Amino acid sequence: MAETTESHPILKEVDPVIMPRADLVGNNRSFSWITEKICGIIEEKTPTWWWVCFCVAGFLASFTVVGIVYLVSTGVGVWGLANPLNWGWAIVNFVFWIGIGHAGTLISAILCLLKQKWRTSINRAAEAMTIFAVVCAGIFPVFHVGRVWLAWWLFPLPNANGIWPNFRSPLLWDVFAVSTYATVSVLFWYVGMIPDLATVRDRAKTKIRKFFYGVFAMGWRGSNRHWSNYEMAYLILAGLSTPLVLSVHTIVSFDFAVALIPGWHTTIFPPYFVAGAVFSGFGMVLTLMLPLRAIYGLDDLITQYHIDCMGKIILATGSIVGYAYGMEFFIARYGANSFELFAFVNRAFGPYAWAYWIMLFCNVVTPQLFWFKKIRSNIALVWIISIFVNIGMWFERFVIIVTTLARNFLPSSWGYFSPTIVDIFTYTGTFGVFSVLYLLFIRFLPLMAMAEIKAVSPAADPHHQH
Amino acid sequence: MSNKVYGLLARFDTPAAIMSAAEKVRDAGYKKWDVITPFPIHGMDGAMGLRRSRVPRFTLVGGSLGFTIGMSMIFFMNKFDYPLIVGGKPFFSPMFAFPVSYELTILLAAFGTIIGMFLLNRLPMHYHPILKYDDIHKSSDDQFFLVIENSDPEFNKAETNKLLSDVGSLEIQELEE
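Values in this document were obtained by computation on a predicted structure and should not be read as measured data. (Residues numbered from 1 in each chain as written. Chains lettered and ligands numbered in written order. Predicted model: local features only at pLDDT ≥ 70, side-chain atom pairs only at ≥ 80, totals over all residues. Heavy atoms only, no water.)

**Q** Honestly, helix α14 (residues 379–406) of chain A in this entry has me stumped. Any pointers?
**A** Helical geometry note: an α-helix holds 3.6 residues per turn, so side chains three or four residues apart project in the same direction. All names here are of chain A. Its 28 residues place the ends of α14 40 Å apart at the C-alpha level, agreeing with the 40 Å of an ideal helix rising 1.5 Å per residue. Bending of α14 peaks at approximately 25° at the position of Val399. Counting buried residues in α14 gives 20 out of 28 residues, a clear majority hidden from the surface. (Helix = DSSP H or I, 4+ residues; strand = E, 2+ residues; numbered from the N terminus. Expected span 1.5 Å × (residues − 1). Bend = angle between axes of the 7 residues up to and from the residue. Buried < 20%, exposed > 50% of the residue type's maximum accessible area, 1.4 Å probe, protein only.)

**Q** Quick question: what am I supposed to make of the domain arrangement of chain B here?
**A** By a frequent convention, interface size equals the accessible area lost on bringing the separate parts together. Per the domain assignment, the segments of chain B are domain 1 (5–53 + 126–176) and domain 2 (55–121). Look at where the C-alpha atoms of domain 1 of chain B and domain 2 of chain B centre, and you get two points 43 Å apart. (Domains from an automatic or database assignment.)

**Q** Where do I start with the confidence of the model for chain A in this structure?
**A** When pLDDT is low, close inspection of the predicted coordinates is not appropriate. All names here are of chain A. Mean pLDDT over chain A: 88, with 97% of residues reaching 70 or higher. Ranking the elements of chain A by mean pLDDT puts helix α1 (residues 2–7) last, at 50, and helix α3 (residues 48–74) first, at 94. Contacts of residues 1–5 to residues separated by more than four positions or lying in other chains number two contacts, the stretch itself having pLDDT below 50. (pLDDT = per-residue confidence, 0-100. Contact = heavy atoms within 4.5 Å.)

**Q** Help me understand the interface of chain B and chain A, please; the structure alone is not making it clear to me.
**A** The partner chain A presents 55 residues to the 67 residues of chain B that form the contact. When chain B packs against chain A, the two sides together hide about 5500 Å² of surface, and 68% of this comes from carbon and sulfur. Across the chain B-chain A interface, the total number found is zero salt bridges. Inspection of the chain B/chain A interface yields 28 residue pairs in polar contact (both at pLDDT 80 or more). Going through the elements one at a time, α1 (15–27), β2 (33–36), α2 (44–48), α3 (55–81) and α4 (94–121) of chain B are the ones with two or more residues in the side of chain B that touches chain A. Tallying contributions element by element places α4(B) first for the side of chain B that touches chain A, with 17 residues. Here the residues of the side of chain B that touches chain A are counted per class, giving 43 nonpolar, 13 polar and eleven charged. (Buried area = accessible area lost by both parts, 1.4 Å probe. Salt bridge = Lys/Arg side-chain N within 4 Å of Asp/Glu carboxyl O. Polar contact = N/O pair within 3.5 Å; in protein donor to acceptor, adjacent residues only side chain to side chain. Nonpolar A, V, L, I, M, F, W, Y, C, P; charged D, E, K, R; others polar.)

**Q** Quick question: what am I supposed to make of a positive patch on the surface here?
**A** A cluster of like positive charges, contributed by Arg51(B), Arg54(B), Arg57(B) and Arg122(B), occupies part of the molecular surface. Considering the arrangement of structural elements, one finds Arg57(B) in helix α3. (Patch = residues over 30% accessible without salt bridge, like charges linked within 9 Å, V, L, I, M, F, W, Y side chains within 5 Å. Areas by Shrake-Rupley, 256 points an atom, 1.4 Å probe, with all protein chains shown as cover. Lys, Arg positive; Asp, Glu negative; His and termini not counted. Charge placed at Lys NZ, Arg CZ, Asp CG, Glu CD.)

**Q** Is there a simple way to explain the pattern of salt bridges in this structure?
**A** Pairs can form between side chains of opposite charge whenever their charged atoms are close. All names here are of chain A. Under the criterion given, the structure shown has twelve salt bridges over all chains. Arg203 is the partner of Glu36 in a salt bridge, and the nearest nitrogen-oxygen pair spans 3.1 Å. Of this pair, Glu36 sits in helix α2 (residues 31–43) while Arg203 sits in helix α6 (residues 170–203), and the two are 167 residues apart along the sequence. Exposure remark for Arg203: the relative accessible area of 18% places this residue in the buried category. Among the ionic contacts, a cluster of salt bridges with common partners joins Glu36, Glu43 and Arg203.

**Q** Please clarify how the pairing of strand β1 (residues 5–12) of chain B should be interpreted in this entry.
**A** For a regular strand, side chains alternate in direction, first toward one face of the sheet and then toward the other. Residue and element names in this part refer to chain B. For β1, a buried count of seven out of eight residues is recorded, marking the element as mostly surrounded by other parts of the structure. Where β1 lies against strand β4 (residues 171–176), six bridges are found, and the strand directions are antiparallel. Bridge pairing in β4 places Arg11 opposite Glu171. Pairing analysis gives six bridges linking β1 to strand β3 (residues 144–149), with the strands arranged antiparallel. When the sheet's bridge partners are listed, Phe12 is paired in β3 with Phe144. (Pairing = 2+ DSSP bridges.)

Pasting the structure below:
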């Protein structure tokens with residue numbers, strides 16, 4: 001090397017320093033250990049805690065059922081909606097749940113494109129979270145239309161009136177965005193699961209298990225000619241889901257931004273909503289995964305490195321959200337529009353100031369704690385902060401929707417929104433619906449992408465031998 | 001049932017071993033053979049000499065179809081079949097038709113991709129001769145297999161057997177059709 005540098009003052013080639021990488025599978029676990037561990041979760045006898053949680057979740061879910069039956073039989077007025085507040089908790093909850101879903105797609109699609117291999121141990125569970133969150137989200141707008149039996153008019157289907165939907169409306173864009181999102185998320189989740197379902201099928205002992213896992217595994221046999229097409233398909237799906245997930249929350253934000261109401265009519269909404277969605281979604285991923293990690297002893301698969309990564313994403317997106325809050329105020333002032341400025345001053349100091357400051361504390365202050373490694377390594381604290389993130393993001397939607405509508409252009413129509421018991425029932429119940437679905441997922445489907453984890457474990461590298 | 005030979009199956013237990021075996025089988029000129037692994041091994045497509053997957057063609061067809069359907073559906077509905085007057089805005093404009101067409105592009109591209117993957121892989125296929133091997137369930141756990149088919153022009157039971165043992169397989173078995 002010395003001679004070459006002398007004869008050529010400029011180095012022809014510079015070898016970059018190879019940074020040590022964190023092992024994604026702790027303790028150098030073998031392939032079969034991974035299979036045993038993850039299949040073990042669905043093969044063992046149903047644990048007692050599962051039944052307890054399932055019953056509690058089922059009971060909670062019945063709240064939504066009761067709330068909705070009452071609403072359908074009476075009218076949407078039971079939701080505490082009255083002029084000028086026709087978008088109350090229902091739309092808050094819709095945006096809240098759909099936002100939670102976004103982290104799942106972010107983990108599975110965007111991190112896949114960015115070759116962030118740590119995604120492998122959390123992507124399956126996060127995608128499941130996405131799908132169940134979209135299910136919960138869908139409940140609200142569907143029943144908010146009032147006469148739910150006419151909800152199919154949202155779709156471009158021929159009806160007796162001979163009229164088609166108005167495609168200029170962002171609300172209709174939302175119908176397409178959310179239904180596409182739900183469909184593509186399910187497809188992505190299922191395709192990612194096929195090789196693992198084959199593993200479960202190959203280990204199945206009973207006839208029923210052999211049949212069902214067999215049917216859903218599609219006869220997958222791990223052929224490399226198949227893997228080649230499969231990996232290409234998976235990569236393309238990741239490439240399709242990325243613009244999809246960004247467009248979904250962009251379109252959700254159009255529901256507001258396209259309206260002319262001060263406080264909603266801003267161009268910052270699309271990026272601000274997407275960042276907020278990712279932020280809330282990662283909060284929920286941590287809320288779900290940390291207890292599962294403890295219950296099933298998955299420390300070697302969800303390592304401290306994974307938790308650090310998620311903490312840092314929460315920190316980054318939380319800071320973006322904080323920046324957006326500040327920028328909104330600045331533009332309201334700088335834009336010299338008195339209605340716009342009033343809308344923002346009213347948010348922070350008006351009748352809903354309490355909600356604004358809760359939002360600001362949970363979304364801007366608490367995630368800043370993730371700057372510290374000590375806090376990121378304290379699992380209990382990470383879990384508590386993730387709960388704060390969830391609460392904060394619910395309040396963000398509440399602040400955006402309710403404070404804005406409560407103080408519109410005409411002071412004579414100003415109002416104050418209070419949720420009714422039906423609102424509270426329906427919303428609380430969706431956590432039950434979500435938990436029921438999630439518990440069923442844990443019980444019957446492989447919680448982690450075994451094939452993908454094996455592929456990123458150190459032993460899988462063909463050059464790693466000896 | 002005639003006991004026609006389907007091919008020879010060899011077992012390996014590390015990614016490195018199956019990788020170098022695949023390279024040698026490729027270089028020996030075999031065409032009808034396959035590698036069975038519990039997870040995709042990085043670089044195996046090259047070691048097997050496989051061409052780039054054709055799945056993207058299906059994606060392109062699906063995506064183009066989705067965009068065309070979206071735009072023409074909105075044109076037909078809001079301008080042609082029942083011109084809808086809203087706020088004096090044009091009956092059709094690619095601007096407001098874009099978000100819905102965009103979503104349909106992604107939706108049909110995703111379906112195209114998945115349908116393409118299943119068609120190219122000829123799945124679902126619930127029976128395959130390699131499933132007759134007793135320990136095949138390990139192929140979805142931690143073992144790696146290489147199968148050379150009888151229908152390959154280069155296939156010769158003795159020579160193929162010798163090749164497979166030379167490349168370091170731990171076990172070789174004959175598979176029936």
